[in-house]
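Descriptive structure summary
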Amino acid sequence: MSTASETDSSQGGGTDSADTTDGVLAEQLLRLTRRLHRIQKRHLEPLGITPAQSRLLRTVAHLSAVRPPRMADLAARLEVVPRAVTTLVDGLESADCVRRVPDPANRRVIRIELTDTGRATLRRLRNARTGAAEEILAPLTADQREVLGGLLNALADAPAEHGC
């Protein structure tokens with residue numbers, strides 16, 4: 001199956017090297033993302049935490065700097081449906097990492113708090129993430145890592161287009 005630029009090229013229209021380069025870069029980023037997920041998952045397995053639970057735990061910790069988040073806050077921040085958050089919170093609650101508590105100002109509102117076990121798990125998660133990062137970055141020199149960091153910041157900080 002050929003892409004539009006390949007079809008144009010075969011019909012004498014020439015190739016747009018930017019399209020080809022961007023396509024290759026997109027594929028490389030996707031491959032790297034999948035590899036990073038596999039490595040991260042392997043580092044998290046001994047902790048009994050999934051990557052999704054890890055992300056939720058970090059989000060609870062981050063949002064709790066102001067006050068413990070509501071389930072709706074977590075769903076919005078993680079860009080998932082509320083039911084997905086309920087399932088993640090259930091799993092983390094059964095592992096004693098978080099607990100549901102009533103909001104003192106409105107007892108109908110339930111907030112999610114970290115437990116002491118959750119804070120300890122976060123420390124172990126940070127170590128696991130560091131190990132995963134070291135593994136993925138091992139082939140790069142210190143200078144290459146610095147350049148990569150700058151490039152990743154440029155991509156992450158770029159203004160969103162097309163509502164993304």
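Our subject is the structure that appears above.
The numbers attached to residues start from 1 for each chain and follow its sequence in the written order. The predicted origin of the model limits local features to residues at a pLDDT of at least 70 and limits the giving and counting of side-chain atom pairs to 80 or more, whereas totals for whole chains, interfaces and linings rest on all residues. For the side-chain quantities, the full set of heavy atoms in the structure was used; hydrogens and water were omitted.

A surface patch of nonpolar side chains, amounting to about 290 Å² of accessible area, comprises Leu29, Leu152 and Leu155. Put simply, DSSP H or I for four residues or longer makes a helix, DSSP E for two residues or longer makes a strand, and each gets a number counted from the N terminus. When you line up the elements, Leu155 lands in helix 7 (residues 142-156). A 1.4 Å probe rolled over the protein chains alone gives each residue an accessible area, and that area as a share of the maximum for its type sets the label: buried under 20%, exposed over 50%, partly exposed in between. Given a relative accessible area of 58%, Leu155 falls into the exposed group. Here the term patch refers to residues with relative accessible area over 30% and no salt bridge, with like charges joined within 9 Å and nonpolar side chains (Val, Leu, Ile, Met, Phe, Trp, Tyr) within 5 Å. Reported accessibility uses the Shrake-Rupley method at a 1.4 Å probe radius. Residues are deemed covered only where the shown protein chains occlude them. By definition, a salt bridge exists where a carboxyl oxygen of Asp or Glu is found within 4 Å of a side-chain nitrogen of Lys or Arg.

Summed over the entire model, instances satisfying the criterion amount to nine salt bridges. A salt bridge links Arg42 to Glu135, with the shortest nitrogen-to-oxygen separation between them at 2.4 Å. With a gap of 93 residues between them, Arg42 in helix 2 (residues 17-44) and Glu135 in helix 6 (residues 116-137) connect regions that are remote in the sequence. Overall, the relative accessible area of 44% leaves Arg42 in the partly exposed class. By relative accessible area, which is 29% here, Glu135 ends up partly exposed. In this structure, Arg70 engages Asp73 in a salt bridge whose closest nitrogen and oxygen atoms are separated by 2.7 Å. Overall, the relative accessible area of 25% leaves Asp73 in the partly exposed class. Each of the salt bridges in this network shares a partner with another, and the network as a whole consists of Arg70, Asp73, Asp103 and Arg111.

Another aspect to go through is helix 3 (residues 51-63). With 13 residues, helix 3 should reach 18 Å at 1.5 Å per residue; the first-to-last C-alpha distance of 18 Å fits that figure. Every buried residue belonging to helix 3 is among Gln53, Ser54, Leu56, Leu57, Thr59, Val60 and Leu63, and all of these are buried. By definition here, a helix of n residues has an expected span of 1.5 Å times n minus one.

Structural measurements only, silent on function.
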